[in-house]
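So you can see what is in the structure, the chains are spelled out below.
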Amino acid sequence: MPSLGRLHLITDTRPGRDPLAVMRAALPVARAELVVQVRVTDDATDREAYDLARRAVALCAPYGAMCLVNDRLHVALAVGAAGGHVGADDLPVAAARRVLGPTAVLGATARAPGPAAEAVAGGASYLGVGPCHATDTKAGLPDPIGPAGVRAVAAAVAVPVIAIGGVTAAAVPALRAAGAYGVAVVGALSTAADPARATADLLGALTC
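Our subject in this report is the structure included herewith. (Residues numbered from 1 in each chain as written. Predicted model: local features only at pLDDT ≥ 70, side-chain atom pairs only at ≥ 80, totals over all residues. Heavy atoms only, no water.)

## Some points on the environment of A110
Of note, A110 is situated in strand β5 (residues 105-110). Of the residues examined, A110 reaches a relative accessible area of 4% and is grouped as buried. Sequence-wise, A110 and A21 are 89 residues apart; in three dimensions their C-alpha atoms are separated by 29 Å. Non-local contacts of A110, meaning those with residues more than four positions away in its chain, are made with P115, A116, G128, V129 and G130. (Helix = DSSP H or I, 4+ residues; strand = E, 2+ residues; numbered from the N terminus. Buried < 20%, exposed > 50% of the residue type's maximum accessible area, 1.4 Å probe, protein only. Contact = heavy atoms within 4.5 Å.)

## A few points about the nonpolar core
Core analysis: the biggest nonpolar cluster contains 62 residues, and L127, V150 and V183 have the highest contact counts within it. In this structure L127 touches A108, A116, A119, V120, V153, V157, V159, P160, V161 and I162, once residues within four positions along its chain are discounted. Counting residues in each nonpolar core, the second largest holds 10 residues, with I10, M66, A184 and V186 among its members. (Core = buried A, V, L, I, M, F, W, Y, C linked by side-chain atoms within 4.5 Å.)

## So, the packing of aromatic side chains
One pass over the full model with this rule turns up zero aromatic pairs. R6 extends its terminal NZ or CZ atom over the ring of Y181, reaching a point 4.0 Å from the ring centre. (Phe/Tyr/Trp six-rings, centres within 6.5 Å; stacked < 30°, edge-to-face > 60°. Lys NZ or Arg CZ within 6 Å of the ring centre and 35° of its normal.)

## Notes on a nonpolar patch on the surface
Side chains of L77, L91 and V99 sit close together on the surface and give an oily, nonpolar patch of about 240 Å² of accessible area. The topology assignment puts L91 in the loop between β4 (83-86) and α4 (93-100). For L91, a relative accessible area of 40% translates into the label partly exposed. (Patch = residues over 30% accessible without salt bridge, like charges linked within 9 Å, V, L, I, M, F, W, Y side chains within 5 Å. Areas by Shrake-Rupley, 256 points an atom, 1.4 Å probe, with all protein chains shown as cover. Salt bridge = Lys/Arg side-chain N within 4 Å of Asp/Glu carboxyl O.)

## Concerning helix α1 (residues 19-30)
Between its terminal C-alpha atoms α1 stretches 16 Å, which fits the 16 Å expected from 12 residues at 1.5 Å a residue. Within the span of α1, buried status applies to P19, L20, V22, M23, A26, L27 and A30. Projected down its long axis, α1 shows its buried positions confined to an angular sector of 145°, all on one face. Residues of α1 that are buried in the fold lie against β1 (7-10), β2 (34-38), α2 (46-60), α8 (187-190) and α9 (195-207). (Expected span 1.5 Å × (residues − 1). Arc of directions from axis to C-beta.)

## What to know about the layout of surface pockets
The volume enclosed by the second largest pocket comes to roughly 150 Å³. Contributing to the lining of the second largest pocket are T13, L20, V40, T41, A44, E48, A49, D51, L52 and R55. It is α2 that provides the largest number of residues to the lining of the second largest pocket, a total of five residues. (1 Å grid on protein atoms, 1.4 Å probe; cavity = no way out; pocket = protein on both sides within 12 Å on 5 of 7 lines; lining within 4 Å. Points joined across faces, edges and corners; volume = space filled by probe spheres on them.)

## Description of unusual backbone geometry
Residue P131 is reached from G130 by a cis peptide bond, and omega for that bond is 5°. Relative to the elements of secondary structure, P131 occurs in the loop between β6 (126-129) and α6 (146-156). The backbone of R31 sits at a positive phi, close to 50°, despite the residue not being glycine. Along the chain, the position of R31 falls in the loop between α1 and β2. For R31, a relative accessible area of 42% gives the class partly exposed. The phi dihedral of D71 is positive, around 70°, even though this residue is not glycine. You can see D71 is positioned in the loop between β3 (66-70) and α3 (73-79). By relative accessible area, which is 34% here, D71 ends up partly exposed.

This is the structure in structure tokens:
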């Protein structure tokens, strides 16, 4: 697997957000430490997902940053993304691995040691673990697991654990201490007044 960046930016395509502008601000700061995960709302068309992912791949390339596509693995293949990410309600991890092939990066969502180990056995390259803290970015999420939940998963697997859900720069040290390799954010960058500065703050917390 290519080297995995520690800061994962999940695109926020809700009304009033500009994911491409956030990418343009974050990429020069984070460069190869940034992983852009293209996630669109459930009602978005495949063409809309394709157009955003294609532009994201192009933006990432000059910085050596990795671009993944959430859920819509056919879009990931169509735009030449580095891989994809599947959630609990998406394709099973082993099926997603067959779709993407043996060398692609494949992330999977988990919140407990058992499912985490199963995802890794199915071919997951890394795990998105959470929600760690309360968040309103995505509806219908289960209760937060906190740093203790991250620690339990990290102790059960040998792949990188990316903590997600209500992550801020202030929350990063506790998550790193719990065994998180990195963090994934949506609102921490998409709602920031200065996304470049917010990126620098997150990176600083990840590397201190």
